[in-house]
Amino acid sequence: MEGSIAKHLLNSFLILLAITSFINSSSADTRFYYPVPPKSVSTEFIKTSCSSTTYPRLCYTSLAGQAGLIQTSPKLLAQAALNVTLATAKSTSAVMLKLSKGSGMNPREVEAMQDCLEELSDSVDEIRRSIGEMDQIKASNFELMMSDIQTWVSAALTDETTCSDGFEGNKVNGKMVRSRIVNIAHMTSNALSLINSYASVHA
């Protein structure tokens, strides 16, 4: 009798062990079939994508920190480029506004600063509108939305170039401001390249 009970308990234990092993195996299989790209894969995707831009080093350094968010998505890469450009443009605008209210600037620099602030304000608005359109893209409106985005980002780049040209040859503050605006223009150029690449994937 005792032998029969022991045998029954052993069989029950083996069945429970088999069920547990099956559950663990199923969980492992689930993780295998739904992987998240390793960060190294994402950063390599960003690096490769940035290599086709005009300023690849700036492109990579400004976006590599968001590899986990971007993963290997051309759309998320383009959106991240726009978001980073917008943040940089807004912070630069704030610095310029502070400088424009300070002393030590000659009349030509003050005028250039005021004109540049207007241009940069337009640029910020155009980039913000582009980001909004990126969020609304669907298969049914893709071409129309992308055309708007490309137009707005191109306009933003023109505004930034006009702004930087106003400080050419100026001293101290002018050179500092111009270098910041040129940096934004380079980031905008890169964002436009990534947007064009994303558009070509769906062409």
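Just so we're clear, the structure is a prediction, and the values are computed from it rather than from any experiment.

Trainee: Looking at this structure, how should I read the state of the cysteines?
Mentor: In protein chemistry, a disulfide is the covalent bond that joins the sulfur atoms of two cysteines. The full count for this structure, using the stated rule, is 2 disulfides. Two residues share a disulfide in this structure: C50 and C59, whose sulfurs sit 2.0 Å from each other. On the sign convention where negative means left-handed, the S-S torsion of about -65° between C50 and C59 marks this disulfide as left-handed. Paired by a disulfide, C116 and C163 hold their sulfur atoms 1.4 Å apart. Taken together, the residues C116 in helix α6 (residues 107-136) and C163 in helix α7 (residues 142-165) connect sequence positions 47 residues apart. C163 carries the same exposure label as C116, and that label is buried. By sequence order of its bonded cysteines, the chain has the disulfide arrangement 1-2, 3-4.

Trainee: Teacher, can you tell me more about the packing of α6 against α7 here?
Mentor: Between two packed helices, both the angle of their axes relative to each other and the distance between the axes serve to describe the pair. Where α6 contacts α7, the two axes come as close as 8 Å, and the packing angle between them is 160°. By the criterion of interaxial angle, the relationship of α6 to α7 is roughly antiparallel. Considering how the two elements wind past one another, α6 and α7 form a crossing that is left-handed. Facing α6, whose interface residues are C116, E119, D122, S123, E126, I127, R129, S130, E133, M134 and Q136, α7 presents M145, D148, I149, W152, V153, A155, A156, D159, E160, T162 and C163.

Trainee: Help me understand the packing of aromatic side chains in this model?
Mentor: Centre-to-centre distance and the angle between the planes together describe a pair of aromatic rings. Tallying each qualifying case throughout the model produces 1 aromatic pair. Taking 5.4 Å as the distance between ring centres and 75° as the angle between the ring planes, the aromatic pair formed by F142 and Y198 counts as edge-to-face. Taken together, the positions of F142 in helix α7 and Y198 in helix α8 (residues 173-201) put the pair 56 residues apart, joining distant regions of the chain. Taking relative accessible area as the criterion, F142 reaches 10% and is therefore assigned buried. On the accessibility criterion, Y198 (5% relative accessible area) is buried.

Trainee: Would you take a moment to explain empty space enclosed by the protein for this structure?
Mentor: This structure, assessed with the given rule, holds 1 cavity of 30 Å³ or more. Its volume calculated, the largest cavity comes out at about 60 Å³. Secondary-structure elements contributing two or more residues to the lining of the largest cavity are α3 (56-63), α5 (74-100) and α8. Classifying every residue of the lining of the largest cavity by side-chain character gives 8 nonpolar, 3 polar and no charged.

Trainee: Is there a simple way to explain the side chain of D159 in this structure?
Mentor: Mapped onto the elements, D159 comes out in helix α7. Despite its burial, D159 pairs with no opposite charge, the nearest such side chain being R129 at 9.6 Å. Once residues lying within four places of it in the same chain are set aside, the contact partners of D159 are E119, D122, S123 and E126.

Procedures and definitions
Residues numbered from 1 in each chain as written. Predicted model: local features only at pLDDT ≥ 70, side-chain atom pairs only at ≥ 80, totals over all residues. Heavy atoms only, no water. Disulfide = S-S within 2.5 Å. Helix = DSSP H or I, 4+ residues; strand = E, 2+ residues; numbered from the N terminus. Buried < 20%, exposed > 50% of the residue type's maximum accessible area, 1.4 Å probe, protein only. Axes fitted to C-alpha atoms, helices over the stretch in contact; angles between N-to-C directions. Parallel < 35°, antiparallel > 145°, perpendicular 65-115°, else oblique. Left-handed = near helix turned anticlockwise from the far one by under 90°. Contact = heavy atoms within 4.5 Å. Phe/Tyr/Trp six-rings, centres within 6.5 Å; stacked < 30°, edge-to-face > 60°. 1 Å grid on protein atoms, 1.4 Å probe; cavity = no way out; pocket = protein on both sides within 12 Å on 5 of 7 lines; lining within 4 Å. Points joined across faces, edges and corners; volume = space filled by probe spheres on them. Nonpolar A, V, L, I, M, F, W, Y, C, P; charged D, E, K, R; others polar. Lys, Arg positive; Asp, Glu negative; His and termini not counted. Salt bridge = Lys/Arg side-chain N within 4 Å of Asp/Glu carboxyl O.

Everything listed is a geometric property; what it means functionally is a separate question.
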